[in-house]
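Close look at the chain arrangement
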Amino acid sequence: MRVCGSDGLQKVLPHLSAVVIESVQRSEEGVVLRTRSRTSSARCPRCEERSLRVHGRYERRLRDVPLGGVPVVIVLLIRRFKCLAADCPAVTFAEQIPGLTGPHARYTPVLRGQLSRIAEVLAGRPGARLAGRLGMTVAKDTLLRLLRAVPLQSPEPVRVLGIDEFALLKGHTYATVLVDLEARRPIDVLPGREAEPVARWLADHPEVQIVCRDRATAYAEAAKQAAPQAVQVADVWHLWSNLAKAAEKTVAAHYGCLRSAHEAAAVANEPNPPPVPDGFLDVHGRTRRIVATIRERHRAVHKLRAAGRSLCGISRDLDLDYYSVRRYARTENVEELLVKVTQRRTKLDDYKPYIYRRFTEGCHNARQLFREVRDQGFPGERTAVRRYVRLLREGMVTTPPLPALPKPRRALRWIMTHPERLRPDEAVGIKEIRAACPELDATVDHVRAFAGLMHEHRGEDLPAWIASVDQDDLPHLSQFANGLLHDLDAVTAGLSSSWSSVQVEGQVTRVKLLKRAGYGRAKLDLLRTRILLRT
């Protein structure tokens, strides 16, 4: 079927202005446009001489952007000219239409650009599915070839550089991403996370003045070796994260103090409490099997360790996983291991004081109480409320219940949160924690003092903070503080400067999304192209 309106098509498709559309047909392939060149001559690609002598003709088929979701095929009548220059090595040559054809190309530049952009976002297989839905049938391997052929722009001179690693295969293969923090875009991706590739890159870019990094020694050595003129800045987010881990270990080591204070308050609140088993006892009042197992394994590992056995040998002797043996060996106080298995809390613990108050006010309907606590955010079922109301009716609970003993993670969150951002109940909880244990009281002071150094950019006061931590008996916090001395200049610069690796962490998150979208099939060169193109 022949369709008129060729002039209108050229207005819609301006890249066809260099050809004459002789006919427009609809076939199984889609819309077929039969075209020819408007010019009567062509220029030789070798000697640049123009020729009017036609040697032959043939048809060339190009795929173009679809119209209304219908594929478009351009059948172009190509003329082969004879070169008239005697000294030209090209005897004949085929004409090329500017903006429409290229040597050996099967797609128009417009379609090629659209497919390349689809490949940048979705890569191979997903991109091929999307292109097919849009009327651009293409193979996934073709999309990958187009993606690899996209030219990458050379980075501009970098003044502030961010460096971080990401996993290609977690635990085995890694790569390094370099980010221009002023331009807010990745500029290169290097294989591995060793110092040598980063040092080579820095040696080629002497304009770098600031290097933001985490506390990895490889990047520190590379910057020190290849960019001595640059100021190294340790990321404050990693510093705060490392401090949180040290504080968490401290809370776990002194969690027995919190438990003892909570039990003493419970005895004072109810002189004759019912025999309720705690986290160390089962429902029959006997020691829980997991508690006894952890104590016995901890004792056995430290006994063999004192005898000179290696961790691998202890793992074989006790038939335990190596990493479990290492965890037992690194933990001096067994209470740190028992915290997670003995601290039992229910979803109703935070709502028991409210239910008790409403019960004493005369509301004994469990269904009504359940609706009230559900409106306050209770995520559990009505059965839990009904069981607690039954205990109240039978007189098993005769005094207002105390607030539940906070889990170590909750206590840690209270410690790491700014005092002005704590809710009233959380402020009361942190006061009880500080009153129950002097070590945790000192931990709260040190954490808040370090937070002041971060927010007020007082990096010059870091040595004084380290000295104050060493004066207290806090081994985990002291280990963190002494570790800062090995990278003191970078840590001081991180606490004093406004530059950080926050942008780099965001880029790493985007890299992980690109990596997962490739279903693990993308090699580093393809992943690097997608990272650098999608800015």
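Keep in mind that what you see is a predicted model, and the values were worked out from it rather than measured. (Residues numbered from 1 in each chain as written. Predicted model: local features only at pLDDT ≥ 70, side-chain atom pairs only at ≥ 80, totals over all residues. Heavy atoms only, no water.)

**Here's the deal with the pairing of strand β3 (residues 30–37)**
- Where burial is concerned, most of β3 is hidden: 6 out of the 8 residues are buried.
- Judged from the 8 bridges that link them, strand β2 (residues 19–27) and β3 form a sheet pairing that is antiparallel. Its bridge partner being in β3, V19 is matched across the sheet by S37.
- Hairpin connection of β2 to β3: 2 residues between the antiparallel strands.
- Inspection of the sheet shows β3 paired to strand β7 (residues 70–82) by 6 bridges, in the parallel sense. Considered in β7, the bridge of R36 is made with L77. (Buried < 20%, exposed > 50% of the residue type's maximum accessible area, 1.4 Å probe, protein only. Helix = DSSP H or I, 4+ residues; strand = E, 2+ residues; numbered from the N terminus. Pairing = 2+ DSSP bridges.)

**Looking at the nonpolar core**
- Ranked by internal contacts, the top residues of the largest apolar core, which has 38 residues, are F450, L462, W465 and L484.
- Elements that contribute at least two residues to this core include exactly α7 (236–253), α8 (255–269), α16 (408–416), α17 (424–436), α18 (438–455), α19 (462–470), α20 (475–484) and α21 (488–496).
- Considering every element that reaches this core, the biggest residue donor is α18, with 7 residues.
- V158, L161, V211 and A230 belong to the second largest nonpolar core, which has 20 residues in total. (Core = buried A, V, L, I, M, F, W, Y, C linked by side-chain atoms within 4.5 Å.)

**Let's talk about the pattern of salt bridges**
- Applying the stated criterion across every chain, the model contains 22 salt bridges.
- One salt bridge in this structure joins R159 and E182, with 2.7 Å as the shortest N-O distance. Separated by 23 residues along the polypeptide, R159 in the loop between α4 (140–149) and β9 (160–169) and E182 in the loop between β10 (173–180) and β11 (185–191) bring together distant segments of the chain.
- The class for R159 is partly exposed, based on a relative accessible area of 30%.
- The closest approach of N and O atoms between D441 and R434, which form a salt bridge, is 2.4 Å.
- Taking relative accessible area as the criterion, R434 reaches 22% and is therefore assigned partly exposed.
- Among the charged side chains, a salt-bridge network with shared partners connects R357, R358, E361 and E372. (Salt bridge = Lys/Arg side-chain N within 4 Å of Asp/Glu carboxyl O.)

**With respect to a positive patch on the surface**
- Taken together, the side chains of R367, R371, R374, R382, R386, R387, R390 and R393 define a basic patch exposed on the protein surface.
- Going through the elements one at a time, α14 (366–375) and α15 (382–393) are the ones with two or more residues in the positive patch.
- No other element matches the 5 residues that α15 contributes to the positive patch.
- On the secondary structure map, R393 appears in helix α15.
- Look at R393 and you get exposed, because its relative accessible area is 53%. (Patch = residues over 30% accessible without salt bridge, like charges linked within 9 Å, V, L, I, M, F, W, Y side chains within 5 Å. Areas by Shrake-Rupley, 256 points an atom, 1.4 Å probe, with all protein chains shown as cover. Lys, Arg positive; Asp, Glu negative; His and termini not counted. Charge placed at Lys NZ, Arg CZ, Asp CG, Glu CD.)

**Observations regarding the confidence of the model for the protein chain**
- Taken over all residues, the pLDDT of the protein chain has a mean of 83, while the share at 70 or more is 89%.
- Throughout residues 271–278 the model reports pLDDT below 50, and contacts reaching past four residues in sequence, or to other chains, amount to 4 contacts. (pLDDT = per-residue confidence, 0-100. Contact = heavy atoms within 4.5 Å.)

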